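Residue-level listing of the chains:
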Amino acid sequence: MKINASRLQSYFEAMSEIGKIGETGTCRPAHTQLEKQGFEIATSWMKDAGMSVRIDNFGNLIGRLEGKNPDLPVLMMGSHLDSQPYGGRFDGVAGVLCAIEVVRTLHENGVVPERSIEVISFADEEGWRFNKGLFGSRGILGKLEEGELQRKDQDGITREQALKDFGCDITKFKESEYKPGSIFCFLELHIEQGPVLDIAHKPIGVVSGISGPLWWTVKLKGMAGHAGSVPMPIRKDAMVGAAEIIIALNEIATQVPGNPTVGTVGTLNVFPASRNIIAEEVTMTVDLRDIDLDRRNRYEKQLRDKIEVITKKHSLTYSISEDTKSEPRYCADWIKEIIHGECEKLNLDAPELMSGPFHDALTLSYVCDYGMIFVRCKDGISHNPLEYSSYEDLALGANVLLGTVIEVLKK
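For clarity, every value in this text was computed on a predicted model and none was experimentally measured.

## Points about the side chain of Thr311
Here Thr311 is to be found in helix α9 (residues 293-313). For Thr311, the side chain forms a polar contact with the main-chain oxygen of Ile307, separated by 2.7 Å. The contact partners of Thr311, leaving out residues within four places of it in the chain, are Leu220, Leu316 and Tyr318.

See below:
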């Protein structure tokens, strides 16, 4: 039994037209009409695969292939259809479309599973619009945090308003939560978003686990003044403080050559943002990740200490708000063994590798066993319009996923 590679390619080509920027880019923000357009065509494909389809109150798109025993915990798989503001065609999309194709292949071959299968496009995995990711996967598990609905995007729209505009009923979140024990396991196919497979000339990888991300929002407050008249020694320049913190983060993350630690400042918002006014306030994001929790915790303390020293040096005040803090989570051995076995059947020598980026699987790992399949991406480029995985590699990944699902259904 094999997936239909040409049909899978047509899915990708159609989805890439929604929110298209330039020749190969994508901007499909969470909880927007662009994402809903993506849901609409994905819904049609889900129905062709024999699934019933719904959008829950968190904004998740869910297709369900009913099993012989619908009371059994569900086999869940998927990823997300929202994108970065300047993203590519495959991040997240690969996991949803390959899962749909797997279910359609089963359906066309008359397979009626004992347990039901659900394919989900989780809402706002990316987290850039409201500066807090994994919203839909955390939502179904009842893990939303206080104040999340009041988070605002760059246009001042709250998540609460965005959900209402999307057609969700925030008063019925409980109805969209999954009961404990109702998910048997979770499978996610994803492009690697890194260079390991490409360098090794391997189309498919088996994920061993996901690094733990630490996300902060740091606010620095100084004093505005005329850029031409305030002497340098007495300035309270928030921008200088921000610059030194960025350098400090980079030095901390690279202090041991070869370690997989990564640190990034991805956004800076400056007030009052005038070329001839000393910056009074800078708001910046910090992203620190590692597969070793103890090491990440040490580096976190080092960065906190550096921020304290830097802000005192420049007579600034500061605050740190913690947006995300997760420990590394490892894939289930029994699922990894199945994936390795399916790769061997296809004569694929698939290495094991950790995932630096987080995925919805990270959230699901707290309630069920999970496994992930990586597909090679050219030069390791992702979160960029140049992001590229070949349709041949994606078809291979989908066939590995198909075989994995068949074996998991026997459990």
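## Focus: the pattern of salt bridges
Counted according to the given criterion, the structure contains 34 salt bridges. Asp349 is the salt-bridge partner of Lys202, the closest N and O atoms lying 2.9 Å from each other. Here the residue Lys202 occupies a position in the loop between α7 (196-200) and β8 (204-210), and Asp349 occupies one in the loop between α10 (333-345) and β15 (352-355), the gap between them amounting to 147 residues. Assessed through its relative accessible area of 24%, Lys202 is described here as partly exposed. Close ionic contact of Glu322 with Lys325 constitutes a salt bridge, the shortest N to O distance being 4.0 Å. When its relative accessible area of 42% is taken as the criterion, Lys325 is described as partly exposed. A single salt-bridge network, built from bridges that share partners, covers Arg7, Asp48, Glu101, Arg104 and Glu108.

## So, the nonpolar core
Met76, Met77, Leu97, Ile100, Leu401 and Val405 are the most contacted members of the largest nonpolar core, which totals 89 residues. The dominant element in this core, judged by the number of residues it contributes, is helix α3 (residues 93-108), at 10 residues. Counting 19 residues, the second largest nonpolar core, distinct from the first, contains Ala242, Ile245, Ala248 and Val286.

## Here we look at the side chain of Arg235
Inspection of the secondary structure puts Arg235 in the loop between β9 (212-221) and α8 (238-253). As a buried residue without a salt bridge, Arg235 has its nearest oppositely charged side chain in Asp237, at a separation of 4.5 Å. Here Arg235 is in contact with His226, Ala227, Val230, Ile278 and His314, once residues within four sequence places are set aside.

## Observations regarding the packing of helix α1 (residues 5-15) against helix α2 (residues 33-48)
Any two packed helices are characterised by how steeply their axes cross, that is the angle between the axes, and by the distance between the axes. Between α1 and α2, the shortest axis-to-axis distance is 10 Å and the interhelical angle comes to 160°. Taken together, the axes of α1 and α2 are roughly antiparallel relative to one another. The way α1 lies across α2 gives a crossing that is right-handed. Only Gly38, Ile41, Ala42 and Trp45 of α2 make contact with α1, whose side of the interface consists of Tyr11, Ala14 and Met15. For the contact of α1 with α2, the per-class residue count stands at 6 nonpolar, 1 polar and no charged.

## Some details on the packing of aromatic side chains
If you walk through the whole model with that rule in mind, you get 11 aromatic pairs. Feature note: the residues Phe12, Phe90, Tyr388 and Tyr391 constitute an aromatic cluster, connected by ring pairs. The residue whose ring lies beneath Arg115 is Phe184, and the NZ or CZ to ring-centre distance is 3.9 Å. The residue whose ring lies beneath Arg329 is Tyr366, and the NZ or CZ to ring-centre distance is 3.9 Å.

## A closer look at the pairing of β8
With respect to burial, β8 is a largely interior element, 7 of its 7 residues being buried. Judged from the 3 bridges that link them, β8 and strand β16 (residues 369-375) form a sheet pairing that is antiparallel. In the strand pairing of β16, Val206 is matched with Ile373. For β8 and β15, the ladder comprises 4 bridges, and the chain directions are parallel. If you follow Gly209 over to β15, its bridge partner there is Met354. As paired strands, β8 and strand β14 (residues 329-330) are joined by 2 bridges and run antiparallel to one another. Counterpart to Ile210 in the pairing with β14 is Arg329.

Procedures and definitions
Residues numbered from 1 in each chain as written. Predicted model: local features only at pLDDT ≥ 70, side-chain atom pairs only at ≥ 80, totals over all residues. Heavy atoms only, no water. Helix = DSSP H or I, 4+ residues; strand = E, 2+ residues; numbered from the N terminus. Polar contact = N/O pair within 3.5 Å; in protein donor to acceptor, adjacent residues only side chain to side chain. Contact = heavy atoms within 4.5 Å. Salt bridge = Lys/Arg side-chain N within 4 Å of Asp/Glu carboxyl O. Buried < 20%, exposed > 50% of the residue type's maximum accessible area, 1.4 Å probe, protein only. Core = buried A, V, L, I, M, F, W, Y, C linked by side-chain atoms within 4.5 Å. Lys, Arg positive; Asp, Glu negative; His and termini not counted. Axes fitted to C-alpha atoms, helices over the stretch in contact; angles between N-to-C directions. Parallel < 35°, antiparallel > 145°, perpendicular 65-115°, else oblique. Left-handed = near helix turned anticlockwise from the far one by under 90°. Nonpolar A, V, L, I, M, F, W, Y, C, P; charged D, E, K, R; others polar. Phe/Tyr/Trp six-rings, centres within 6.5 Å; stacked < 30°, edge-to-face > 60°. Lys NZ or Arg CZ within 6 Å of the ring centre and 35° of its normal. Pairing = 2+ DSSP bridges.

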